[in-house]
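As a plain string of letters, each chain reads:
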Amino acid sequence: MAMTDLARPDLSAFLRKEEGGSSRLELLVKGARCAGCMAKIEKGVGALPGVALARLNLTSGKLAVTFNGPADPARVIETLDGLGYPATPYDPNEAKQAHDAEGRRLVMALGVAAFGAGNVMMFSVPVWAGLFGQELGPATRELMYWLSALIATPCALYAGMPFFESAWRSLRRGKANMDVPISIGVILTLIVSFSETMLGGPHAYFDAAVSLLFLLLIGRYLDHTLRAKARSAARDLLALQAPVAARLDEQGHEGFIPVNAVAVGDLLAVAPGERVPVDGRVVQGASSLDNALITGESAPLAVSVGQACSAGALNLGGRLVIRASARSEDSAVAAIARLMEAGAQTKSAYVRLADKAAGIYVPVVHTLAAATFIIGWSLGLSFREAVLRAAALLIITCPCALGLAVPAVQITASGRLFRKGVLVKSGAALERLAEVDHVVFDKTGVLTEGRPRLIGAAPWTVAMVAPLARASRHPLARAVAEAAGPGVVATDTHEVAGQGIEGVIDGRKAKLGRATFVGAPDTGAETELWFAFEGEAKVRLRFSDQIRADAAQAIGALKARGLTVEILSGDLTGPVEQAAHVVGIDDWRACLTPFDKVEAIEMLKAAGRKVLMVGDGLNDAAALAKAHAAMAPGSALDASQNAADLVFSGTELAAVPLAIDVARKARKRAMENFSMSALYNVVAAPAAMFGLVNPFIAAIAMSVSSLVVTLNALRMNWAGGRR
Amino acid sequence: MNVIFFLLPFSLLLALLGLWGFRWTLKHGQYEDPQGDAARILYDHLDEGPEG
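These numbers were taken from a predicted model, which means no experiment stands behind them.

J.: Quick question: what am I supposed to make of the overall build of chain B here?
T.: Looking only at helices and strands, one finds two helices and zero strands in chain B. When the 52 residues of chain B are sorted by exposure, 8% land in the buried category.

J.: Before we go on, may I ask you to explain the overall build of chain A in this structure?
T.: Along chain A, the regular secondary structure elements total 25 helices and 27 strands. In chain A, 68% of the contacts between residues at least 6 apart in sequence involve partners at least 24 apart.

J.: Please clarify how the sheet that holds strand 11 (residues 301-303) of chain A should be interpreted in this entry.
T.: Whether parallel or antiparallel, the strands of a sheet pair through hydrogen bonds between backbone atoms. Residue and element names in this part refer to chain A. The sheet built from three strands is open, its strands ordered 11-10-13 with antiparallel pairing. Edge positions in the open sheet fall to strand 11 and strand 13 (314-315), since each of these has one partner strand only. Pairing between strand 10 (residues 287-290) and strand 11: three bridges, direction antiparallel. Along strand 11, the bridge assignment pairs S287 with V303.

J.: How do you make sense of the confidence of the model for chain B when you look at a structure like this?
T.: In low-pLDDT regions, the fine details of the predicted coordinates are not to be read closely. Averaged over all residues, the pLDDT of chain B is 79; the fraction at 70 or higher stands at 81%. Prediction confidence for the complex, expressed as pTM and ipTM, is 0.70 and 0.80 respectively.

J.: Help me understand the pairing of strand 26 (residues 629-633) of chain A, please; the structure alone is not making it clear to me.
T.: A regular strand carries its side chains on alternate faces of the sheet. All names here are of chain A. Among the five residues in strand 26, five count as buried, and that is most of the element. Side chains of strand 26 alternate between two faces, with A629, M631 and P633 and A630 and A632 buried alike. Direction of pairing for strand 25 (residues 611-614) relative to strand 26: parallel, over a ladder of three bridges. Opposite L612, over in strand 26, you have A629 as the bridge partner. At this point the chain moves from strand 25, through helix 22 (residues 618-626), to the parallel strand 26, and the crossover so formed is right-handed. In this sheet, strand 27 (residues 646-648) lies alongside strand 26 in parallel orientation, the contact comprising three bridges. Across the sheet, M631 pairs through a bridge with L646, a residue of strand 27.

J.: Before we go on, may I ask you to explain the sheet that holds strand 17 (residues 448-455) of chain A in this structure?
T.: Residues and elements named next belong to chain A. In space, the six strands of this open sheet follow the order 17-22-21-20-19-18, with antiparallel pairing throughout. Across the chains shown, the open sheet's two edge strands, defined by having one partner strand only, are strand 17 and strand 18 (491-496). Adjacent strand axes in the sheet meet at a mean angle of 20 degrees when their direction is disregarded. Sheet topology places strand 21 (residues 528-533) next to strand 22 (residues 539-547); four bridges connect them, and they run antiparallel. From the neighbouring strand, E528 faces strand 22, where its bridge partner is R542. Seen against the sheet, helix 17 (residues 475-484) touches strand 17, strand 19 (500-505), strand 20 (508-513), strand 21 and strand 22 and runs at an angle of roughly 70 degrees to strand 17.

J.: Where do I start with unusual backbone geometry in this structure?
T.: Most peptide bonds adopt trans geometry, and most residues besides glycine take a negative phi value. Residues and elements named next belong to chain A. In this structure, D506 is a non-glycine residue whose phi angle is positive, near 50 degrees. Judged by the 10 C-beta atoms lying within 10 Å of it, D506 is exposed. Unlike most non-glycine residues, C591 shows phi in positive territory, near 60 degrees. Position of C591 among the secondary structure elements: in the loop between strand 24 (588-589) and helix 21 (594-606).

J.: Explain helix 16 (residues 459-469) of chain A to me, please; I cannot follow it from the model alone.
T.: For an α-helix, the turn length of 3.6 residues means that residues three or four places apart are oriented alike. Listed as buried for helix 16 of chain A are V465(A), A466(A), P467(A), L468(A) and A469(A). Buried positions along helix 16 of chain A lie against helix 17, strand 19, strand 20, strand 21 and strand 22 of chain A.

J.: How should the interface of chain B and chain A be read in this particular structure?
T.: A common way to report how large an interface is uses the accessible area buried once the components associate. Taken together, the contact pairs 18 residues of chain B with 19 residues of chain A. Listed by contribution, the elements that provide at least two residues to the side of chain B that touches chain A are helix 1 (4-27) and helix 2 (34-40) of chain B. With eight residues, the top contributor of residues to the side of chain B that touches chain A is helix 1 of chain B. Residue classes in the side of chain B that touches chain A are distributed as 11 nonpolar, three polar and four charged.

J.: Help me understand the environment of V439(A) in this model?
T.: Residue and element names in this part refer to chain A. Residue position: V439 is located in strand 16 (residues 438-441). Given 26 C-beta atoms within 10 Å, V439 falls into the buried group. Separated by 124 residues in sequence, V439 and L563 have C-alpha atoms that sit 6.9 Å apart.

J.: Would you mind showing me how to read the nonpolar core here?
T.: The nonpolar side chains of a soluble globular protein tend to be buried with one another. Residue and element names in this part refer to chain A. Residues A113, A209, L213 and A659 are the most contacted members of the largest nonpolar core, which totals 143 residues. If you tally residues by element for this core, the top one is helix 24 (residues 655-689), at 14 residues. Here L213 is in contact with A113, A156, A159, G160 and V186, once residues within four sequence places are set aside. Judged by nonpolar contacts, the second largest core, of 70 residues, contains A32, F67, L268 and V270.

J.: What's the story with the packing of helix 16 of chain A against helix 17 of chain A in this structure? I'm lost.
T.: Two numbers describe a pair of packed helices, the interaxial angle and the distance between the axes. Residue and element names in this part refer to chain A. Axis separation between helix 16 and helix 17 bottoms out at 9 Å; the angle between their running directions is 125 degrees. Of the possible angle classes, the one that applies to helix 16 and helix 17 is oblique. Crossing hand, helix 16 versus helix 17: left-handed. The segment helix 16 lies against helix 17, with V462, A463, V465, A466 and A469 engaging A477, V480, A481, A483 and A484.

J.: Please clarify how the pairing of strand 21 of chain A should be interpreted in this entry.
T.: All names here are of chain A. Alignment of strand 20 against strand 21, held across four bridges, turns out to be antiparallel. Looking across to strand 21, one finds that G513 is bridged to W530. In sequence, strand 21 turns back onto strand 22 through a hairpin of five residues, with G535 there showing a positive phi of about 75 degrees.

J.: Teacher, can you tell me more about the environment of Q499(A) here?
T.: Residue and element names in this part refer to chain A. Counting through the fold element by element, Q499 comes out in the loop between strand 18 and strand 19. Between the alpha carbons of Q499 and G317 there is a distance of 7.3 Å; along the sequence they are 182 residues apart. Setting aside its immediate chain neighbours within four residues, Q499 contacts G513, R514 and F517.

J.: Whenever I open this one, the packing of helix 5 (residues 138-159) of chain A against helix 7 (residues 179-198) of chain A confuses me. Can you help?
T.: Residue and element names in this part refer to chain A. Packing of helix 5 against helix 7 brings their axes to within 10 Å, and their N-to-C directions diverge by 155 degrees. When the axis of helix 5 is compared with that of helix 7, the two are roughly antiparallel. Between helix 5 and helix 7 the crossing geometry is left-handed. For the pair helix 5 and helix 7, contact is made by E142, Y145, W146, A149, T153 and A156 and by V186, L190, S193, F194 and T197, respectively.

J.: I would appreciate a short explanation of the confidence of the model for chain A in the present structure.
T.: Residue and element names in this part refer to chain A. Looking at chain A, pLDDT values average 80 and 87% of them are 70 or higher. Confidence, expressed as mean pLDDT per element, reaches its minimum in chain A at helix 10 (residues 333-348) with 55 and its maximum at strand 16 with 93. For residues 1-7, every residue scores under 50 in pLDDT, and the model assigns this stretch 11 contacts once sequence neighbours within four places are set aside.

J.: Sorry if this is basic, but what is going on with the environment of P162(A) here?
T.: Residue and element names in this part refer to chain A. Inspection of the secondary structure puts P162 in helix 6 (residues 161-172). Residue P162 is classed as buried on the basis of its 21 C-beta neighbours within 10 Å. Separated by 17 residues in sequence, P162 and D179 have C-alpha atoms that sit 9.0 Å apart. Those residues in contact with P162, other than ones at most four positions away along the chain, are L106, A109 and R220.

Cut-offs and rules
Residues numbered from 1 in each chain as written. Chains lettered and ligands numbered in written order. Predicted model: local features only at pLDDT ≥ 70, side-chain atom pairs only at ≥ 80, totals over all residues. Helix = DSSP H or I, 4+ residues; strand = E, 2+ residues; numbered from the N terminus. Buried ≥ 20, exposed ≤ 12 C-beta atoms within 10 Å, placed from the backbone. Contact = placed C-beta atoms within 7 Å. Pairing = 2+ DSSP bridges. pLDDT = per-residue confidence, 0-100. Right-handed = clockwise from strand over helix to strand, strands pointing away. Axes fitted to C-alpha atoms, helices over the stretch in contact; angles between N-to-C directions. Nonpolar A, V, L, I, M, F, W, Y, C, P; charged D, E, K, R; others polar. Core = buried A, V, L, I, M, F, W, Y, C linked by C-beta atoms within 7 Å. Parallel < 35°, antiparallel > 145°, perpendicular 65-115°, else oblique. Left-handed = near helix turned anticlockwise from the far one by under 90°.

Here it is in structure tokens:
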């Protein structure tokens, strides 16, 4: 987080009070990767006064600091900065949400199912042996079954809860998801096994019920891990962006508070290089604002006292003080958020592959089971035998492999993308991405880098200006400093808010800033800086938002895959046309409002196209939500990242064709898995109908089909090579 | 054969002990930071056991 050079900020809003007078602070630490980093961080922070315990979670990159005395969070952040690890405080409410209760419950259910499945085997193996002519009296067999029931029933009821609950929820909405046949299968298996055991029958399936749940829970846990990992990674990205607002109290001291704690009427300071936290009106200072994320316009806008500014605008000039005119939830973001909600609803109507499969599976198998019972009974089988055959059919076709087929593929696919810096938010996102046939790009921040770069300056000019530029926090000056690399810094510098910076280089006074500040003729352009030594010629530096280095290549790759590409931008015609020409896109539209973009997406949708929207700004958020699939760069505004299905964190646009490739491959693998399960059922179902299935065959068939499906999913990794 | 009436409950008891142990590790957050725990063992001063 950027620290201002004013008084040390007050971060006490980020402390969570705990019983016994201690307090706790959670921070997201960047760059801690190894054991050495962990030792350095824990030692450094732990030695601070008032710190009772500092503990870094290396897996999630979160540092928890417990204070037993007066807490000084800013000191912790300074210490971490000094060690070379920039840190951001976590909103205590967010930190609490991050606690993964559902994951723990699934792991516990998995543990119970594993216990049940393992121990039931103790009694099943003797029974199976008895099936092959070994000596096993009916009394012993019955004892084994009763003991199996004793273990399997409580385990199955506990481990099955996640499925039963989900099935019940879906049934109450009048739908049948995958969990309905699973629940029916498990419960029916238990009931039939009990009645068979009581009647002294030869076939009970207690072991099948628990091992089925064990295998299914693996799939369920994988699916959950995928979503939880993506959620927490997305939260981390957002925490790094603009989690805090600098509020001024009556004495004018800055205190940092979470953005969602800002009230209407609060005075907020916005330092150069930071984003405006909420909608407001400028009460002090003058500057220029970059609205690229909100409107898509690349040219900055000058603001002064009395003018309105909207949340998300980047402060390019001097320090501004604004009076908040809306809370975070009610800011300009909100109007677009409502549009996004409408879009998200259309997305939730998307039926996932597994549920589509369940839609075919449920009626077919349940009809077959009913037919087995009715036909068998009318053809002279006993009532008991007919019920048993129908139940065996349900058990052996129970969608064990189907339950694993999709999650196993998606977890390997998203793991592969994650290593390449692409974050997948859900399995459904991958499925939708695989169907895409048209890609819509935003220009600013997507095709371009979204930040100014120095253009057309001679190296000696850059070297001359650099010492002064290094002393400034202004984004344009930073771009100069970046072009020059590290070096000497000017002395006696003085920054004039919204104007420029002056200082001494090698004993000569120099100025860098707006044309009027340096004394050059005012051109009114916002994307240029002027520089001059006192009394010497003025030098003009021009900046532009550069096209990403691999943009043309990535667009070419998309076209080669048969996708059509288009630009929808909120920027002016000139820059858009130029960008379109450079990257090789013939189809482009400029000067669009957020609503125009949504409309354009809807038109494409109505024409039957499956659209992938790639955008970063607030003006794209609604279109992102409306599109069939959506991607956003990691530099995007939080609203857009929330609306997107995938977030790519690198600087390369190659992430887009890569993600599409992986998604398509994942879809292919999932389909293969479905056909394998179908094939298996085509063999297994008749066997059950003709009464050829016994508990041993059921157990073998179930584990083999699950194993085959999982191995096929892992092929995703082998084919692409690791890393 | 009668030994089975002793062995069966005994083996179940052992397995239940394992399940209880698993639950204990889960409740005490031993799966929260696999990478960190793997590294922590290398340093004496970090060896304070998992966070409760």
